[in-house]
Amino acid sequence: MQDVSRRQLFRKILGGKSAQNFIPPPYFSGEFECVECKAPCVGACDENLLSFDGEKVSFKFQTKGCTFCKKCAIECENTQKSVLNLKFPAIIEAKTTIDVSSCLAWNGTMCYSCQDICKFRAIEFFGVFRPTINDRCTNCAQCMEVCFVNAIKMEAR
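The paragraphs below set out a description of the structure included in this document. Bear in mind that the values here come from a model prediction, so they are computed numbers and not experimental data.

## Some words on the pattern of salt bridges
For step 1, the next point in the chain: Across all of its chains, the model carries three salt bridges by this definition.
For step 2, the next point in the chain: Residue aspartate 53 pairs with lysine 56 through a salt bridge whose shortest N-O separation is 3.4 Å.

If you want it as structure tokens, here you go:
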């Protein structure tokens, strides 16, 4: 018989709701639990985009997007069990979408703020008024930072 921690038991009972909102930070190894860690990666993030719930580190967009500066991964690599590592991709595993009902461009106003800031060229316009996010998106949230009407959303995959 397998030992199950209280946390794992409640997660099973509640349907894993805490994992549903989990957006991993860049350079994420796939390991979900930070073991006996003081989360130095959170303090290393100059943009305050990482949070630690005592068990795992997650990406939380505040007001600025991720610059992929590598500081979080470098700090994490110095811990007992590295959850973030520079050998993993500089990408945030999430789904970024544009809400066409609130997007200025989709509603007839010329706005290219999201396209202008995207250094990955992940936002393309079909015609003058229809921005879409392509597969080059790293989910860095830089476009969310500049959107005047908060039409760009990010959610866990």
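The discussion continues.
## Observations regarding the environment of cysteine 69
For step 1, the next point in the chain: By the element assignment, cysteine 69 lies in the loop between strand 2 (57-59) and helix 4 (71-77).
For step 2, the next point in the chain: As a C-alpha pair, cysteine 69 and cysteine 45 span 24 residues in sequence and 8.5 Å in three-dimensional space.

## Let's talk about unusual backbone geometry
For step 1, the next point in the chain: Notably, asparagine 48 is not glycine yet its phi reads approximately 55°, a positive angle.
For step 2, the next point in the chain: Relative to the helices and strands, asparagine 48 resides in the loop between helix 3 (40-44) and strand 1 (50-52).
For step 3, the next point in the chain: Residue asparagine 48 is classed as exposed on the basis of its relative accessible area of 53%.
For step 4, the next point in the chain: The phi angle at asparagine 150 is positive, at roughly 55°, despite the residue not being glycine.

## Quick look at the packing of aromatic side chains
For step 1, the next point in the chain: Using the criterion set out here, one finds three aromatic pairs in the structure.
For step 2, the next point in the chain: Residues phenylalanine 22 and phenylalanine 28 carry aromatic rings whose centres are separated by 5.8 Å and whose planes lie at 65° to one another, so their mutual orientation is edge-to-face. Phenylalanine 28 matches phenylalanine 22 in its accessibility class, with the two residues each being buried.
For step 3, the next point in the chain: When the centroid spacing of 4.7 Å and the interplanar angle of 45° are considered together, the rings of tyrosine 112 and phenylalanine 125 count as tilted. A residue pair is termed long-range when its members are at least 10 positions apart, and tyrosine 112 in the loop between strand 3 (94-98) and helix 5 (113-117) and phenylalanine 125 in strand 4 (residues 123-125) qualify at 13 residues.
For step 4, the next point in the chain: What makes tyrosine 112 partly exposed here is its relative accessible area of 26%.
For step 5, the next point in the chain: We classify phenylalanine 125 as buried; its relative accessible area is 15%.

Rules behind the numbers
Residues numbered from 1 in each chain as written. Predicted model: local features only at pLDDT ≥ 70, side-chain atom pairs only at ≥ 80, totals over all residues. Heavy atoms only, no water. Salt bridge = Lys/Arg side-chain N within 4 Å of Asp/Glu carboxyl O. Helix = DSSP H or I, 4+ residues; strand = E, 2+ residues; numbered from the N terminus. Buried < 20%, exposed > 50% of the residue type's maximum accessible area, 1.4 Å probe, protein only. Phe/Tyr/Trp six-rings, centres within 6.5 Å; stacked < 30°, edge-to-face > 60°.

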